Amino acid sequence: MTIIYYFVGVFAVLLTYFTTLFIVAQKLKNNSIVDIGWGFGFVLVATFSLIFTHLSGLGGGLDLVKFISAGLMIIWGLRLSTYLARRNIGKPEDFRYVNMRKKWGNKQALNAFFKVFMFQAFFTSIIALPVYFAMINPAVSMANVLTLLVIIPLLIGVLGFIKGFFFQTVGDAQLKKFIETRRSREEVMDKGLWKYSRHPNYFGESLMWWSQFFIVALSLNFLGLIAIISPLVITYLLVFVSGVPLLEKRYDNNPAYQEYKKRTSKFIPWFPKA
């Protein structure tokens, strides 16, 4: 029953949070604030998971693996929401949501609630799978943490997360500086991390989620393999749906970008072609 209460609690937190975000969006007439709030949804899930596990003894109570799994998700979510807030607060509603608003007409609010905010709540609940498995698995004692079967995947996962965090934060910072100083919109960012990948920030995000999965699946038990759904979905969306394709479509008619594509790896960083 404790596990059932845990998942009911997670869904209640997400439902309350995204409903509140929806109400704020309607007052501001700006549904794109859901993008800013999405990362913080994971912060709430991870924080609730730690508190619930501590109070209920779920999975044998808190341990190092649980702290690391939830802590990494909190770091990721806070960074993402903070970055998007700095970039978007004070700006008009994103064009994607403007188009949705026009399409939905007088049923905008109803459609936005279910197709934007509740969809984000559902999506968050699926992507947070690594933390769920970390919490419901039996606690790992300090003696077992020091065994190679736990410490090696734990270290690899943490180091992978740090590398992914570096690529995402540094990539975003380099791109921001480039946009602020470029002489024209036709210029192409091909310096720093962008010399080795056309999307180093997206690569970093994907790597962080694969690292979360690695920690849960190999540090705990192979039941955690189900959590592979999380990095698979994130990577698929980034590479084939809403990340890389949308951004690269903007530069279809930019000769400089087409040359950049020929010499630079699409996603995974690699040495540029001569």
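Quick caveat: nothing in here was measured; it's all calculated off a predicted structure.

**Q** Could you give an account of the overall build of the chain, with specific residues and numbers?
**A** Per the secondary structure count, the chain includes 12 helices and 0 strands. Over its C-alpha atoms the chain spans a radius of gyration of 20 Å, differing by no more than 12% from the 19 Å that the globule rule assigns to 274 residues. Overall, the chain is about 60 × 55 × 25 Å in size when its C-alpha atoms are taken along their principal axes. Each of the 274 residues in the chain was classed as buried or not, and the buried ones make up 47%. A total of about 14700 Å² of accessible surface is found on the chain, and carbon and sulfur atoms cover 70% of it. Charge-centre separation for the chain: the mean point of 29 positive side chains lies 3 Å from the mean point of 13 negative side chains.

**Q** I'd like to hear about the packing of helix 5 (residues 108–127) against helix 10 (residues 229–241), residue by residue, with values.
**A** Relative orientation of the contacting elements helix 5 and helix 10 amounts to 125°, with a least axis distance of 8 Å. Taken together, the axes of helix 5 and helix 10 are oblique relative to one another. Residues Phe123, Ile126 and Ile127 of helix 5 form the contact with helix 10, whose own contacting residues are Ile229, Ser230, Val233, Ile234 and Leu237. Of the residues contributing to the contact of helix 5 with helix 10, the split by class is 7 nonpolar, 1 polar and no charged.

**Q** Break down the environment of Trp38 for me, citing the residues and quoting the values.
**A** With respect to the helices and strands, the residue Trp38 is situated in helix 2 (residues 33–56). Residue Trp38 is classed as buried on the basis of its relative accessible area, which comes to 11%. With 195 residues separating them along the chain, Trp38 and Val233 place their C-alpha atoms 16 Å apart. Those residues in contact with Trp38, other than ones at most four positions away along the chain, are Phe18, Trp76, Leu80, Ser81, Gln120, Phe123, Thr124, Glu205 and Ile234.

**Q** Just give me the short version of empty space enclosed by the protein, but keep the residues and values in it.
**A** Scanning all chains against the criterion turns up 1 cavity of 30 Å³ or more. In this structure, the largest cavity spans a volume of roughly 40 Å³. Forming the walls of the largest cavity are Leu72, Met73, Trp76, Phe161, Met208, Trp209 and Gln212. Only helix 3 (64–88) and helix 9 (200–219) provide two or more residues apiece to the lining of the largest cavity.

**Q** I'd love a proper account of helix 1 (residues 2–28), names of residues and values included.
**A** Between the first and last C-alpha of helix 1 there are 39 Å, a value that for 27 residues agrees with the 39 Å anticipated at 1.5 Å per step. Listed as buried for helix 1 are Tyr6, Gly9, Val10, Leu14, Tyr17, Phe18, Leu21, Phe22 and Ala25. Contacts made by the buried residues of helix 1 are with helix 2, helix 5 and helix 6 (129–136). Looking at the residues trailing helix 1, positive phi occurs at Lys29, about 55°.

**Q** Describe the packing of aromatic side chains, naming the residues involved and giving the relevant values.
**A** Inspection of every chain in the model, using the stated rule, returns 28 aromatic pairs. Taken together, a centroid distance of 6.2 Å and an interplanar angle of 85° make the contact between Tyr196 and Phe271 edge-to-face. Here Phe271 lies in the segment after helix 12 (255–263) and Tyr196 lies in the loop between helix 8 (148–181) and helix 9, a separation of 75 residues in the sequence. Of the residues examined, Tyr196 reaches a relative accessible area of 30% and is grouped as partly exposed.

What counts and how
Note on numbering: residues in each chain are counted from 1, in written sequence order. It should be noted that, the model being predicted, local features are given only for residues of pLDDT at least 70 and side-chain atom pairs only at 80 or more, the latter also being counted only at that level, while totals for whole chains, interfaces and linings use all residues. Where side-chain values are given, they derive from all heavy atoms of the structure, hydrogens and water being excluded. Numbering of helices and strands starts at the N terminus; helices are DSSP runs of H or I of at least 4 residues and strands are runs of E of at least 2. Between the two quantities, the radius of gyration covers C-alpha atoms and the globule rule is 2.2 Å times the number of residues to the power 0.38. Accessibility here uses a 1.4 Å probe with only protein chains present; expressed as a share of the type maximum, an area under 20% marks a residue as buried, one over 50% as exposed, and anything in between as partly exposed. Residue-level accessible areas treat just the shown protein chains as cover; the underlying method is Shrake-Rupley with a 1.4 Å probe. By the counting scheme adopted, Arg and Lys are positive, Glu and Asp are negative, and His together with the chain ends is not counted. By convention, the point assigned to a charge is CZ for Arg, NZ for Lys, CD for Glu and CG for Asp. Between N-to-C directions, angles cover 0 to 180 degrees, with each direction set by a line fitted to C-alpha atoms, over the stretch in contact for helices. Comment on the angle field: the value is read as roughly parallel under 35 degrees, roughly antiparallel over 145, roughly perpendicular from 65 to 115, and oblique elsewhere. Two residues form a contact once any of their heavy atoms are found within 4.5 Å. All residues other than Ala, Val, Leu, Ile, Met, Phe, Trp, Tyr, Cys, Pro, Asp, Glu, Lys and Arg, Gly among them, are scored as polar; the first ten of these are nonpolar and the last four charged. Any residue with an atom within 4 Å of a point lines the site, the site being either a cavity, points on a 1 Å grid over the protein atoms alone where a 1.4 Å probe fits but cannot get out, or a pocket, an open set with protein on both sides within 12 Å along at least 5 of 7 lines. Grid points are joined across faces, edges and corners, and a volume is the space filled by probe spheres set on the points. Working rule for helices: expected span equals 1.5 Å times residues minus one. What counts as a ring pair is set by centres within 6.5 Å for rings of Phe, Tyr and Trp (its six-membered ring), and what kind of pair is set by the plane angle: stacked under 30 degrees, edge-to-face over 60, tilted for all other angles.

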